[in-house]
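Here is what each chain is made of, one letter per residue.
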Amino acid sequence: MTDRSLPAPAPDPVSGPVPADAPPPGVDGPTADAWTALGGPAALLDRVSFHGPDAVLPSRLPVRRLARATVAACSLAAAELAALRSGGPGSGASGSGGAGSAGTVAEVRIDQGAVATAFVSERHLRIDGRAPVAFAPLSGFWQTADGWLRTHANYPHHRDRLLTALGLPVGTGPERLAAVLGEQPAAVVQERAYAAGALAVAVAPVRELALPLVERRTVDEAAPRPLAPAGLPADGIRVLDLTRVIAGPVATRTLALLGADVLRVDAPGLPEAEDAHADTGFGKRSTRLDLAAPADRAVFEDLLATADVVVTGYRPGALDGYGLAPDEVLARRPGLVVVELNAWGWTGPWSGRRGFDSLVQAGCGIAVVEAGADGRPGVLPAQALDHGTGYLIAAGVLRALTEQRTGRPGSRHLRYSLAGTACWLLEGIAPTADPHVLPNEEPYDPARWITETEGSAHGRLRHARPPIGYAGAPADWSRPPGRWGTDAPVWR
């Protein structure tokens with residue numbers, strides 16, 4: 001093992017059991033993988049079908065199949081819970097933990113064009129005609145003395161920490177940064193950046209990681225809060241959203257689409273980029289609370305006391321000092337669903353490191369697989385680890401809510417990582433026989449899955465439609481994003 005490799009994980013002690021029943025013949029393999037990892041009953045998999053253009057998200061790795069599988073799993077979990085919430089015949093418990101028999105769950109038809117468009121939603125976003133900037137000048141690949149390095153400096157504090165770690169003045173431009181990095185080994189810069197709280201990862205080759213796609217455990221036997229019949233699967237569900245950037249916010253944006261009352265909570269001194277919030281804030285509200293301040297902490301505890309779900313996206317241990325370690329939260333609020341997301345997995349010396357999709361692509365070998373003919377590292381056609389993990393998180397929450405109300409009560413603890421999703425993409429999804437020859441030649445025009453919303457706090461928004469594809473799924477969010485941190489810290 002070198003400094004440029006991720007550590008092999010220890011055996012997972014918290015993964016939940018997977019159903020013993022095998023998926024029906026002909027079911028899409030990645031969808032079955034994701035659904036099984038979430039504990040879903042295999043009998044429901046035959047509800048899923050795909051249509052729309054195949055010529056989307058082209059890459060050497062099977063990104064199209066990952067993307068559609070994560071959306072399919074989320075859509076099926078939504079349909080399963082929707083059947084339970086309908087109050088009709090067959091909506092009770094079943095032996096496999098699903099919402100009644102397969103006949104009560106709506107068909108799931110996933111449009112690959114809608115999925116591809118949603119997986120690059122941040123690129124399609126227009127705010128009064130303006131396209132947001134995706135990556136800052138100091139974010140990207142840089143050639144080093146012995147290879148390549150990927151930096152992430154979109155947030156000002158990360159940019160300044162990177163420059164400080166390299167002994168460069170704040171305000172240094174990309175030309176000077178390139179010159180300095182070209183004289184140093186990638187792994188040396190990686191570790192200096194890590195020590196300074198900056199973000200830089202040496203581009204590494206593929207290696208076996210064996211990280212789980214999701215880890216699940218049931219903590220107790222607490223009875224869940226009863227839910228009345230409703231038209232949307234997550235109607236009335238209260239979600240505290242302690243996540244940032246893309247993966248976690250995509251998950252909670254999806255839960256908001258499906259009816260949940262989602263309240264995002266951020267620290268006052270850690271602002272989110274307004275453009276990023278405009279993309280992932282649909283359907284949600286956003287407030288600011290300083291958990292170190294007694295008054296704000298009391299407000300947060302009041303919110304937690306009646307929440308159904310908490311989704312966090314911080315490094316392991318980052319919230320423990322506020323009494324928000326999962327076991328502490330579940331002891332105070334039995335029956336809750338607690339979700340944790342991090343970049344690098346939950347075991348080993350890298351688990352506590354900061355990370356983003358682009359950095360995990362570099363550190364897990366994806367950048368090498370997708371490299372160009374000139375040897376320069378490559379990238380996936382979307383930030384697919386972020387978006388895919390987001391839909392898996394939403395699916396896991398929906399499945400947990402269903403399980404709690406169909407004969408398997410108890411608090412739930414779910415854990416995800418971008419590296420776990422990367423491992424699945426690299427090693428768990430079989431590529432097509434020839435990724436350059438696609439059977440469905442239907443043309444892909446993303447405009448078919450883009451709409452406009454007038455009158456938001458940000459102005460006129462042109463944005464991707466949600467890709468959730470079960471019969472009865474909402475076609476759009478009920479409300480546009482507001483301004484970051486401007487809502488009252490109350491449930492609606």
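For the structure itself, consult the block above.
Going along each chain's sequence as written, the residues are numbered from 1 onward. Only residues with pLDDT of at least 70 are given local features in this predicted model, and only at 80 or more are side-chain atom pairs given and counted; all residues enter the totals for whole chains, interfaces and linings. To obtain the side-chain values, all non-hydrogen atoms of the structure were used and water was disregarded.

(A) Molecular detail of the overall build of the protein. A run of H or I in DSSP becomes a helix once it reaches four residues, and a run of E becomes a strand once it reaches two; helices and strands are each numbered from the N terminus. Each helix and strand counted, the protein has 15 helices and 15 strands in total. Burial here depends on accessible area, computed with a 1.4 Å probe over protein chains only, as a share of the maximum for the residue type. Under 20% is buried, over 50% is exposed, and the range in between is partly exposed. Here the protein holds 492 residues, and 58% of them are scored as buried. When contacts within the protein are restricted to residue pairs at least 6 apart in sequence, those whose partners lie at least 24 apart make up 76%. Roughly 18300 Å² of accessible area belongs to the protein as shown, and the carbon and sulfur atoms make up 55% of that amount. The contact rule is simple, with two residues in contact once any of their heavy atoms fall within 4.5 Å. Computed with a 1.4 Å probe, the accessible areas rest on the Shrake-Rupley method; for each residue, only the protein chains presented here act as cover.

(B) Quick look at the sheet that holds strand S11 (residues 309–312). The seven strands are arranged S7-S13-S12-S11-S8-S9-S10 in an open sheet whose pairing can be described as mixed. Whereas interior strands pair on both sides, the edge strands pair on one side only; in this sheet they are strand S7 (215–218) and strand S10 (285–288). The mean angle between the axes of side-by-side strands here comes to 15 degrees, regardless of whether they run parallel or antiparallel. For every element, the axis is a line fit to its C-alpha atoms; helices are fit only across the contacting stretch, and the angle between N-to-C directions ranges from 0 to 180 degrees. Where helix H10 (residues 294–305) meets the sheet, it contacts strand S8 (238–242), strand S9 (261–266) and S11, and its direction lies at approximately 135 degrees from that of S8. Running over the sheet, helix H15 (residues 418–428) touches strand S12 (337–342) and strand S13 (412–417) and is turned about 65 degrees from S13. Strands qualify as paired when DSSP identifies two bridges or more between them.

(C) The packing of helix H14 (residues 384–404) against H15, seen in detail. At their nearest, the axes of H14 and H15 sit 9 Å apart, and the two run at 105 degrees to each other. Relative to H15, H14 is oriented roughly perpendicular. Between H14, through Leu385, Asp386, Thr389 and Leu392, and H15, the contact on the second element is made entirely by Leu418, Thr421, Ala422 and Trp424. Lys, Arg, Asp and Glu make up the charged group, whereas Ala, Val, Leu, Ile, Met, Phe, Trp, Tyr, Cys and Pro make up the nonpolar group; the residues left over, Gly among them, are polar. Across the contact of H14 with H15, the residue classes tally to five nonpolar, two polar and one charged. Convention used here: angles under 35 degrees read as roughly parallel, angles over 145 as roughly antiparallel, angles from 65 to 115 as roughly perpendicular, and any remaining angle as oblique.

(D) Highlighting the packing of helix H1 (residues 29–37) against helix H2 (residues 63–85). Contact geometry of H1 with H2 gives a least axis separation of 8 Å together with a crossing angle of 50 degrees. Relative to H2, the element H1 is oriented oblique. Crossing handedness for the pair H1 and H2: right-handed. Counted together, Gly29, Pro30, Thr31, Ala34 and Trp35 of H1 and Arg65, Ala69, Ala72, Ala73, Leu76, Ala77 and Glu80 of H2 form the full contact between these two elements. Considering only residue class, the contact of H1 with H2 consists of eight nonpolar, two polar and two charged. With the far helix as reference, a near helix turned anticlockwise by less than a right angle produces a left-handed crossing, and one turned clockwise produces a right-handed crossing.

(E) How the structure looks around the sheet that holds strand S5 (residues 148–151). Read from one edge of the open sheet, three strands run S4-S5-S6, paired in antiparallel fashion. Lying at the two open borders of the sheet, with one neighbouring strand each, are strand S4 (140–143) and strand S6 (200–202). For this sheet the average axis-to-axis angle between neighbouring strands, irrespective of direction, equals 30 degrees. Direction of pairing for S4 relative to S5: antiparallel, over a ladder of four bridges. From the neighbouring strand, Phe141 faces S5, where its bridge partner is Arg150.

(F) Main features of the pairing of S9. Of all six residues that make up S9, six are buried, and the element is covered over most of its length. Side chains Asp261, Leu263 and Val265 project from S9 onto one buried face, and the interleaved Val262, Arg264 and Asp266 project onto a second face that is buried too. Summarising the sheet, S8 and S9 pair through four bridges and their orientation is parallel. Residue pairing in the sheet places Asp241 in a bridge with Arg264 of S9. A clockwise path from the first strand over the helix to the second, with the strands pointing away from the viewer, defines a right-handed crossover. Once you follow S8 into helix H8 (residues 247–257) and on to S9, the crossover reads as right-handed. In this sheet, S10 lies alongside S9 in parallel orientation, the contact comprising four bridges. Counterpart to Val265 in the pairing with S10 is Thr287. In this region the chain leaves S9, passes through helix H9 (residues 274–280) and returns to the parallel neighbour S10; the handedness of that crossover is right-handed.

(G) Broad picture of the nonpolar core. Remark: nonpolar core denotes a set of buried residues (Ala, Val, Leu, Ile, Met, Phe, Trp, Tyr, Cys) joined through side-chain atoms within 4.5 Å. Phe119, Val360, Leu398 and Tyr416 are the most contacted members of the largest nonpolar core, which has 105 residues in total. In terms of residue count, the dominant contributor to this core is H2 (16 residues). Ignoring sequence-local partners within four residues, the contact set of Tyr416 consists of Leu38, Leu213, Val214, Val339, Glu340, Leu341, Asn342, Trp346, Thr389, Leu392, Ile393 and Gly396. Leu240, Leu291, Ala307 and Leu336 belong to the second-largest nonpolar core, a separate cluster that totals 18 residues.

(H) Quick peek at the pairing of S11. Residues Val309 and Val311 of S11 are buried on one face, and the alternating residues Val310 and Thr312, pointing to the opposite face, are buried as well. The sheet contact formed by S8 and S11 spans four bridges and is parallel. Residue pairing in the sheet places Asp241 in a bridge with Val311 of S11. As paired elements, S11 and S12 share four bridges and run parallel to each other. Considered in S12, the bridge of Val311 is made with Val339.

(I) Region of the structure containing the side chain of Arg264. Topologically, Arg264 is positioned in strand S9. Judged by its relative accessible area of 1%, Arg264 is buried. For the purposes of these results, a polar contact is taken to be a pair of N or O atoms within 3.5 Å, where, inside protein, one atom must be able to donate a hydrogen and its partner to accept one; residues adjacent in sequence count only when each atom of the pair is a side-chain atom. Side-chain polar atoms of Arg264 contact the backbone oxygen of Thr243, separated by 3.5 Å. Aside from chain neighbours lying at most four places away, what touches Arg264 is Asp241, Thr243, Arg244, Pro249, Glu272, His277, Arg285, Ser286, Thr287 and Trp484.

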